[in-house]
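These are the residues of each chain, in order.
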Amino acid sequence: MKIALLGYGKMGQVIERIALERGHEIVLKKDEFNTYDGLSTADVAIDFSVPTAAVDNISNCFHANVPVVSGTTGWLDRYNEMETLCKEKQGGFISSSNFSLGVNIFFELNEYLAKIMAQFDAYKVSMEEIHHTQKLDAPSGTAISLAKGVIENSAYANWTMEDAKSNEIHIEAKRIGDVPGTHTVTYDSTVDSIELKHTAHNREGFALGAVIAAEWLAGKKGIYTMKDVLNLESK
Ligand SMILES: NC(=O)C1=CN([C@@H]2O[C@H](COP(=O)(O)OP(=O)(O)OC[C@H]3O[C@@H](n4cnc5c(N)ncnc54)[C@H](OP(=O)(O)O)[C@@H]3O)[C@@H](O)[C@H]2O)C=CC1
Ligand SMILES: O=C(O)C1=N[C@H](C(=O)O)C[C@H](O)C1
């Protein structure tokens with residue numbers, strides 16, 4: 001399979017290694033300064049760039065008729081625009097705040113736990129995410145996805161990085177050293193706490209998940225999620 005890499009930083013380089021190991025060919029490595037030359041020859045594109053470049057990268061894929069997997073975070077206020085363009089151009093699209101198998105299992109557990117905890121007023125939920133100091137966005141896309149998973153399954157209405165009201169989920173973002181990504185969901189009461197935690201030990205899981213998503217998406221049209229790729233059924 002011919003792959004275009006849109007973004008060739010920490011993630012792009014791990015994705016390249018895993019893609020080559022799985023027998024794929026890299027036909028474009030797009031960074032801030034080069035062009036999209038070669039994009040139209042790709043079977044699929046993988047975008048792990050920066051929040052300000054993601055929309056351009058994804059749009060160019062739809063215009064070039066190349067299905068695109070996007071892992072970039074911090075641009076999702078423009079997701080609907082990309083969804084509309086994808087439909088208009090009959091493109092293929094998967095966007096996820098986190099492509100690792102472990103985090104996608106964690107997302108399912110988070111939704112399941114949220115449904116249970118919605119019955120118990122004594123507990124208040126909060127979230128913490130820890131990432132490396134080079135990360136541009138806060139809170140992480142994964143923390144936002146976790147908060148949405150709780151909101152869709154409970155009476156919580158919103159998330160905030162400020163002081164949380166009773167119907168809001170507080171998210172704390174910490175930036176420490178080279179931490180690849182740690183997320184904790186805590187339900188706290190006066191007598192005990194329940195914690196759900198995912199710790200990435202490196203970037204391999206994110207990159208492997210993105211390559212698996214690209215293999216799955218190549219040749220398809222439509223808008224999908226990692227639930228489709230991993231065949232995960234919400235309970
Ligand atoms: N969904 C997931 O599973 C995961 C998502 N992420 C997200 O992926 C993104 C990238 O992370 P990471 O690799 O660590 O970040 P890096 O900062 O290491 O890499 C970003 C890359 O994007 C490049 N870039 C800048 N402008 C453009 C442009 N216009 N077109 C294409 N590329 C451009 C940068 O190029 P240059 O060096 O020339 O500036 C750099 O190579 C982040 O948003 C992060 O949150 C990260 C891990 C997992
Ligand atoms: O920037 C990162 O590094 C990561 N970003 C993603 C996010 O914002 O959730 C996923 C992962 O946690 C690593």
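As the structure is a computational prediction, the values presented were derived from the model and not from experiment.

**Q** Is there a simple way to explain the pairing of strand β10 (residues 193-199) in this structure?
**A** In regular strands, side chains alternate between the two faces of the sheet. Alignment of strand β9 (residues 182-188) against β10, held across 7 bridges, turns out to be antiparallel. Looking at the pairing, D188 lines up with S193 of β10. Connecting β9 to the antiparallel partner β10 that follows it, the hairpin turn spans 4 residues.

**Q** Teacher, can you tell me more about the sheet that holds β9 here?
**A** Backbone hydrogen bonds are what pair the strands of a sheet, in a parallel or an antiparallel way. Taken in spatial order, the 5 strands line up as β7-β8-β6-β9-β10 in an open sheet, and their pairing is mixed. Here the strands that pair on one side only, and so sit at the sheet edges, are β7 (158-160) and β10. In this sheet, neighbouring strand axes are inclined to one another by 20 degrees on average, regardless of whether the strands run parallel or antiparallel. As defined by bridge partners, strand β6 (residues 124-131) adjoins strand β8 (residues 168-175) across 6 bridges and the pair is classed as parallel. Residue pairing across strands places S126 opposite H170, the latter belonging to β8.

**Q** Looking at this structure, I do not really get the UniProt feature "binding site: NADP(+)" (unreviewed entry) in the protein. What am I missing?
**A** Mapped onto the present numbering, the UniProt feature "binding site: NADP(+)" (unreviewed entry) falls on K30. Tracing the chain through its elements places K30 in strand β2 (residues 25-30). Sequence-distant contacts of K30, that is, excluding residues within four places in its chain, are made with L5, L6, G7, Y8, T35 and Y36.

**Q** Where do I start with the pattern of salt bridges in this structure?
**A** Once the charged atoms of two side chains with opposite charge are near each other, the side chains can pair. Per the stated rule, a full pass over the model turns up 11 salt bridges. Across the salt bridge formed by E16 and K29, the nearest N and O atoms sit 2.9 Å from each other. Note that E16 is positioned in helix α1 (residues 10-21) and K29 in strand β2, a separation of 13 residues in sequence. Overlapping salt bridges bring together R17, E21 and E204 as one network.

**Q** Any chance you could explain the UniProt feature "binding site: NAD(+)" (unreviewed entry) in the protein here in plain terms?
**A** Residues annotated by UniProt as "binding site: NAD(+)" (unreviewed entry) correspond here to G71, T72, T73, S96, S97, N98 and F99. Look at the named residues: they lie 29 residues apart in sequence, but the longest C-alpha span between them is just 11.6 Å, so in the fold they bunch up. Lining the largest pocket, from the set of annotated residues above, are G71, T72, T73, S96, S97, N98 and F99. Structurally, the position occupied by T72 is in the loop between β4 (68-70) and α3 (79-89).

Each value, and the rule that gives it
Residues numbered from 1 in each chain as written. Chains lettered and ligands numbered in written order. Predicted model: local features only at pLDDT ≥ 70, side-chain atom pairs only at ≥ 80, totals over all residues. Heavy atoms only, no water. Pairing = 2+ DSSP bridges. Helix = DSSP H or I, 4+ residues; strand = E, 2+ residues; numbered from the N terminus. Axes fitted to C-alpha atoms, helices over the stretch in contact; angles between N-to-C directions. UniProt positions renumbered as here; feature names shortened; annotations may be inferred. Contact = heavy atoms within 4.5 Å. Salt bridge = Lys/Arg side-chain N within 4 Å of Asp/Glu carboxyl O. 1 Å grid on protein atoms, 1.4 Å probe; cavity = no way out; pocket = protein on both sides within 12 Å on 5 of 7 lines; lining within 4 Å.

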